Structures are given as C-alpha cells and as structure tokens.
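# Close look at the chain arrangement
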Amino acid sequence: MRNSLMTIRRIFLMVSALLVPLPAFAGPQSILNPAGPAADKLTQLGWIVFITFWIVSVVVIGLLVWSVVRRTGSLSEHEPWNEGGGQSWILIGGLAIPFVILSGLYIFSLQRTTAFPLHDDDMSEMHPEILVVGHQWWWEVHYLSKSTDQEFTTASEIHIPTGRPVDIELKSADVIHSFWIPALHGKVQLVPGLTNYVRVEATRPGDFQGECAVYCGEQHAHMRLLVVAQSPKEYAAWRSQQLKPAATPQTPEAQQGETVFTGSACALCHTVRGTEAQGTLGPDLTHLAGRKYIASDSYINNIANLEAWITHAQSLKPGALMPNLTMYTGKDLQELVAYLQQLH
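Residues numbered from 1 in each chain as written. Predicted model: local features only at pLDDT ≥ 70, side-chain atom pairs only at ≥ 80, totals over all residues. Heavy atoms only, no water.

On the surface, W47, I51, I55, V59 and L63 cluster together into a nonpolar patch covering about 460 Å² of accessible area. Residue placement: W47 occurs in helix 2 (residues 37-70). Among the residues examined, W47 registers a relative accessible area of 35% and is labelled partly exposed. (Patch = residues over 30% accessible without salt bridge, like charges linked within 9 Å, V, L, I, M, F, W, Y side chains within 5 Å. Areas by Shrake-Rupley, 256 points an atom, 1.4 Å probe, with all protein chains shown as cover. Salt bridge = Lys/Arg side-chain N within 4 Å of Asp/Glu carboxyl O. Helix = DSSP H or I, 4+ residues; strand = E, 2+ residues; numbered from the N terminus. Buried < 20%, exposed > 50% of the residue type's maximum accessible area, 1.4 Å probe, protein only.)

In structure tokens form, the structure reads like this:
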C-alpha cells in the first residue's frame, strides 16, 4: 500500500511538471506570438516539440497509472514481461521509440533553423543597416549608412520598417550578451572580440519587447530592449527626425536646464548632438524624449522616473555606471528634467 501511495505521488508530480511551460503561452515576450518569418519557424518548431512532449508524457503517465491500478503489490512471476519479454520492452520502449522521436525532432529542427542567414555563406550577402553593441547593462544602437551624415546613434530602442528584412550587426563591449526578440527571431550571442549578425523582419507594426538572454552580471534582468516596427512611411519620418540635432529649448526653464546639463558631469558621459555635450560613456540622449523607456527599457520615460533615475540611479539599478547625482535638487532638478523632456 505504501509503495502504491508513493507511486501515485510521483505521478502527481509528473502531471504538475507538465504545466510548467504554460506561462510561456502568454505575456509580451511570448514565443508563440510570432511577428516575423524567423520567429514563425521557431514557433512551429516549439509547437511540434511541445505537442510531442505532451503525447509522450501522457502515454508514460497512463502506463504508470495502469500498472498501479492493475497490481498494487510486486510483479507476479507469471507476468508476460517476466517470461523472457523484459529485454524486448527495454529495447523497444527504452531505445527504439526514443531514437525515432528524437531523430524526427532533430531533422525537423534542422529544417527550421537552416533558413536563418547566420552562416558563413550568407555573410557576404548581408548589408547591416544597424549596429547593436551590448554593454553592461544597456544597448547602444547605431544606424549605419554609406554617408556619414545619414548616421545616428540611439539606445535600447530599435525602429525598423515592416515588410522587409533588416540586417543587424552585433558586438559586445564587455562580456557575453544575447540578443533576443522572441516575436521576431531566436537568440543570437554577442561575444567580445567577435562580430555576429542577425536578419529580422516584422510582418506587422507593433512594439516587440526583448532582452539579454544570457546572464551578464548584476543587472542582467534589467538589460531590456524594445523593437518598434513601423510602416515604411512612419519609419522614414522617424529616421528623418533622428538625423536632426537636439531641439532648441523654448521655455526659460528648459533653457536653464540645458545650461545645467552641459555645465555638469552629464556632458562628460552623454552626447546631445548640437550641444557641447559629447560624452560617450553612456547612451546618446539627443532624442531622449522620443523614447518610451529609460534605463535600458526598465522604466517608463516620464518626469517622475527621470527625476528618480538622475538622483538615485543606484537604487533603481544597482551596479549600473550611472551614479547617484544627488547634487541636483529643487529648481536645478526641475530645470534639468524639463530640458530632457523636450529632446524629441
């Protein structure tokens, strides 16, 4: 009786384990909501693997339940598998069937993934439009062009046009990172000293969240990324805006905020094109107000979060290079934030 209860308990735990993958079905980074050709191939692969997993699990659990219900004691000496059939069960159930299932999944996986342009033969055909550099813990995004006056830099937010592939060059500035936008593509590594590539394509407009998918240090969980897919017309308008220098402050408060920004440590770490601020340690802030998030997409870009990030960055993201600038209080802080808020 005790053995039967322990077996039933194990079966219950196995059934519970089948429910573990269910959270991946929902959420902004669901792998089952593809928005591009590469992600669609991976979703098909994911469904096949998941369904196979369930079928095999149900069969195995069914056999376990059958064995418990049929006999609660030790196996009878007259059972068929004790009369020379035990080896056949092991060879068929333990070797042949798993071999067929795993071989089938392996072949199907190769068919799904060989279409990705990540092989040496495809590199010569790639013409990167964007260079993404992974830092601890944010993403530096360079938009490339044959003409240098058509290039610009932003951070942790990538805009792409819908309906066509976009080649992205990937590099790391420090440790290994992983570029992962579940709705558009699988994971691609950023390895120090090496250059990798990925080709993404969005079939519909939308905001697609991503993140670094390999542990890269203390704030790995807050190294997030947003890809904004826009219609070609909207993308062209966005790109045209990004090529412009920073907006000239129009209000007295914002004008004074620019003085505070360019005359302090902010200008040593950040660039604001069109001003004296030409720092390169941190993200380019030329069009900061046009971004939806700050701190590598960890917080919504609004006045309250900007003030908190400026004065207490180490509380919001411990270990980040951004220091606590507690010298900014009262009027100075309000003027500085007013200046940043008009950088569209």
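Let us keep going from here.
Right, let's get into the sheet that holds strand 4 (residues 157-161). The sheet built from five strands is open, its strands ordered 4-10-9-6-7 with mixed pairing. Looking at strand neighbours, the two that pair on one side only are strand 4 and strand 7 (188-190), the edges of this open sheet. Direction aside, neighbouring strands of the sheet carry axes that sit 25 degrees apart on average. Pairing analysis gives three bridges linking strand 6 (residues 177-180) to strand 7, with the strands arranged antiparallel. (Pairing = 2+ DSSP bridges. Axes fitted to C-alpha atoms, helices over the stretch in contact; angles between N-to-C directions.)

Strand order in this open sheet of five strands is 3-2-1-5-8, and the pairing throughout is mixed. Edge positions in the sheet fall to strand 3 (152-155) and strand 8 (196-200), since each of these pairs with one other strand and no more. Along the sheet, successive strands turn relative to each other by an average axial angle of 25 degrees, direction set aside. Across five bridges, the pairing between strand 5 (residues 166-172) and strand 8 is antiparallel. Residue pairing for strand 8: V166 is matched across the bridge by V200.

Attention now moves to the packing of helix 8 (residues 303-316) against helix 9 (residues 330-341). Two elements in contact, helix 8 and helix 9, have axes separated by 10 Å at closest approach and are oriented at 120 degrees. One element, helix 8, and the other, helix 9, form an angle in the oblique class. When you trace helix 8 past helix 9, the crossing you get is right-handed. Of the residues in helix 9, those in contact with I303, L306, E307, I310 and T311 of helix 8 are L333, L336, V337, L340 and Q341. In terms of residue class, the contact of helix 8 with helix 9 is built from seven nonpolar, two polar and one charged. (Parallel < 35°, antiparallel > 145°, perpendicular 65-115°, else oblique. Left-handed = near helix turned anticlockwise from the far one by under 90°. Contact = heavy atoms within 4.5 Å. Nonpolar A, V, L, I, M, F, W, Y, C, P; charged D, E, K, R; others polar.)

Position of K317 relative to the elements: it lies in the loop between helix 8 and helix 9. Look at K317: it is buried, it has no salt bridge, and the nearest opposite charge is D297 at 8.8 Å. A distance of 2.9 Å separates a polar side-chain atom of K317 from the backbone oxygen of W137. If sequence neighbours within four positions are ignored, K317 has contacts with W137, Q219, H222, A295, S296, S298 and W309. (Lys, Arg positive; Asp, Glu negative; His and termini not counted. Polar contact = N/O pair within 3.5 Å; in protein donor to acceptor, adjacent residues only side chain to side chain.)

This paragraph deals with the side chain of H270. As for its placement among the helices and strands, H270 is situated in the loop between helix 7 (266-269) and strand 11 (293-294). The class of H270 is buried, set by a relative accessible area of 12%. Among the polar contacts made by the side chain of H270, one reaches the main-chain carbonyl oxygen of P283 at a distance of 2.8 Å. Residues contacting H270, with those up to four places away along its chain left out, are F261, A277, Q278, G279, G282, P283, L285 and M322.

Within the structure shown, the criterion is met by five salt bridges. Close ionic contact of K331 with E335 constitutes a salt bridge, the shortest N to O distance being 3.8 Å. Of the two residues, K331 and E335 both sit in helix 9, four residues apart, roughly one turn of that helix. When its relative accessible area of 6% is taken as the criterion, E335 is described as buried.

Attention now moves to the packing of aromatic side chains. Inspection of the entire model under this criterion finds nine aromatic pairs. Between F152 and W238 the ring centres are 5.6 Å apart and the planes differ by 70 degrees, which places this aromatic pair in the edge-to-face class. Taken together, the residues F152 in strand 3 and W238 in helix 5 (residues 232-242) connect sequence positions 86 residues apart. Across this residue pair, the class does not change: F152 and W238 are buried. (Phe/Tyr/Trp six-rings, centres within 6.5 Å; stacked < 30°, edge-to-face > 60°.)

A separate point is the nonpolar core. Membership of the largest hydrophobic core comes to 31 residues, with the highest contact counts inside it found for I130, I158, I160, I168, F179 and F208. In contact with F208, other than residues within four places in its own chain, are A35, I181, A183, L184, A202, L225, L226, V227 and A229. Grouped together as the second largest cluster of nonpolar side chains are 25 residues, A277, W309, A313 and M322 included. (Core = buried A, V, L, I, M, F, W, Y, C linked by side-chain atoms within 4.5 Å.)

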